[in-house]
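# Residue-level structural notes
Okay, here's what each chain looks like letter by letter:
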Amino acid sequence: MSRFVRSERRKLADLFSTVGPDAPTMCTGWVARDLAAHLVIRERRPDASLGMFIPPLRSHARNMLRSFASRPYPDLVELVRNPPLWSPVSNPLVEGMTNGLEFFVHHEDVRRAQAGWQPRDLPKEDQAALWKSASLIARLRLRKFPAALLVQAPGFGEVTTGAGGEPLRLVGAPGELAYFLSGRQRATRVQIDGPPELADRLRTSPLKI
C-alpha cells in the first residue's frame, strides 16, 4: 500500500498543478486550492485536523484552512507532494494504513470534477488494496442499511452487510466501490440490483469516510 500511496500522492500533486488553484472538485464548496490546503493541514497541523471531529475546534480548523489556502499555490502543491517524515499520518510506519484511501479518494475528487473523466484502469495489486479498504468500510458504513446487502468486486471478493430485509446487490470495481462508499455515490460507475426504492436510498445515503 505504501507504494500505492506514494503514487497517488505524486499523481494528485501533478494534477493540482495541471488544473490550477480554482479548478472544481467533488468536495462541496472546495476548489483545488482548498483541497490541497486540507491535505497539508491533515499532515502538518494535527491540532487543526481535530476540528473535523471536535466541535469546539472547528473555528480553529476553518481559520487554518483559510490561512494555508491563501499561500502561493505552487508552494502549497509542493507541501502536498513532500510530506514531513514526522507526520502522525504520513510517516513511513503508518502511511500505508492511513493514506491509501485518503489520497485515492481526493485524487478522484479532482479527476471526476473535470469534464470527460473516465475510471482508471488500475493495476491488480492496487485494486486489491482498494478492495481491502472498501470491504471494511462497507461493513462499517452499511451495517444499519435496511437491506440484506451484498457488496461484490468481481475477481476480488464480496462481503455481506446491512441490517437485513430485502436483498440488494452493489457491484463494481474496487476503486469504484471505494469511491462510492466514501459518500460520492453519484460520481461512481457501479451496478445496484434490487428494489428501486432501496437502490435510490443507497445512492443518496450520507456515507462519509
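What comes next concerns the included structure. Since we're looking at a predicted model, the values are computed, not measured.

Relative to strand 2 (residues 157-161), strand 1 (residues 148-153) runs antiparallel, the two being bridged by 5 bridges. By the bridge assignment, Gln 152 is partnered in strand 2 with Glu 158.

For the rest of this paragraph, the subject is the packing of helix 8 (residues 124-141) against helix 9 (residues 174-181). As a packed pair, helix 8 and helix 9 sit with axes 8 Å apart at the nearest point and diverge in direction by 35°. Pair helix 8 / helix 9 crosses with left-handed handedness. Across from Gln 127, Leu 130, Trp 131, Ala 134, Ile 137 and Ala 138 in helix 8, the residues of helix 9 making contact are Pro 174, Gly 175, Leu 177, Ala 178 and Leu 181. Here the contact of helix 8 with helix 9 is built from residues that sort into 9 nonpolar, 2 polar and no charged.

Turning our attention to the environment of Ser 67. With respect to the element layout, Ser 67 can be found in helix 4 (residues 58-69). Judged by relative accessible area, Ser 67 falls into the partly exposed class, the value being 38%. Counting along the chain gives 30 residues from Ser 67 to Ala 37, while the straight-line C-alpha distance between them is 8.6 Å.

Here 4 strands make up an open sheet; going across it, the order is 2-1-3-4 and the pairing mixed. Of all strands in the sheet, those bounded by a partner on one side alone are strand 2 and strand 4 (191-193). With strand direction ignored, the average angle separating the axes of adjacent strands in the sheet is 15°. Of the strands in this sheet, strand 1 and strand 2 touch helix 8, which is tilted by about 10° from strand 2. Docked against the sheet, helix 9 engages strand 1, strand 3 (167-171) and strand 4, running at close to 140° with respect to strand 1.

Here Arg 9 shows up in helix 1 (residues 2-19). In terms of polar contacts, Arg 9 uses its side chain to reach the side chain of Glu 43, at 2.6 Å. In contact with Arg 9, other than residues within four places in its own chain, are Glu 43, Val 80, Arg 81, Pro 83, Ser 90, Asn 99 and Phe 103.

Conventions used here
- Per chain, the residues get numbers from 1 upward, laid out in the order the sequence is written.
- A pLDDT threshold of at least 70 governs which residues receive local features in this predicted model, and a stricter bar of 80 or more applies before side-chain atom pairs are shown or counted, although totals over entire chains, interfaces and linings include all residues.
- In computing side-chain values, all of the structure's heavy atoms are included and hydrogens and water are not.
- Two strands make a pair as long as DSSP finds a minimum of two bridges between them.
- Helix numbering and strand numbering both begin at the N terminus, where a helix is a DSSP run of H or I of at least 4 residues and a strand a DSSP run of E of at least 2.
- Axis definition: a line fit to C-alpha positions, over the contact stretch in the case of helices; interaxial angles, taken between N-to-C directions, run 0 to 180 degrees.
- Here a crossing is called left-handed whenever its near helix is offset anticlockwise from the far helix by less than a right angle, and right-handed whenever the offset is clockwise.
- The contact definition used throughout considers only heavy atoms, calling two residues in contact when any of these lie within 4.5 Å.
- Under the grouping applied here, Gly and all other residues not named as nonpolar or charged are polar, the nonpolar ones being Ala, Val, Leu, Ile, Met, Phe, Trp, Tyr, Cys and Pro and the charged ones Asp, Glu, Lys and Arg.
- A simple rule labels every residue: compare its accessible area, found with a 1.4 Å probe on the protein chains alone, to the largest value its type can have, and call it buried under 20%, exposed over 50%, or partly exposed in between.
- Definition of a polar contact: a pair of N or O atoms within 3.5 Å, with one able to donate and the other able to accept a hydrogen when the atoms are protein atoms, and with sequence-neighbouring residues admitted only if both atoms are side-chain atoms.

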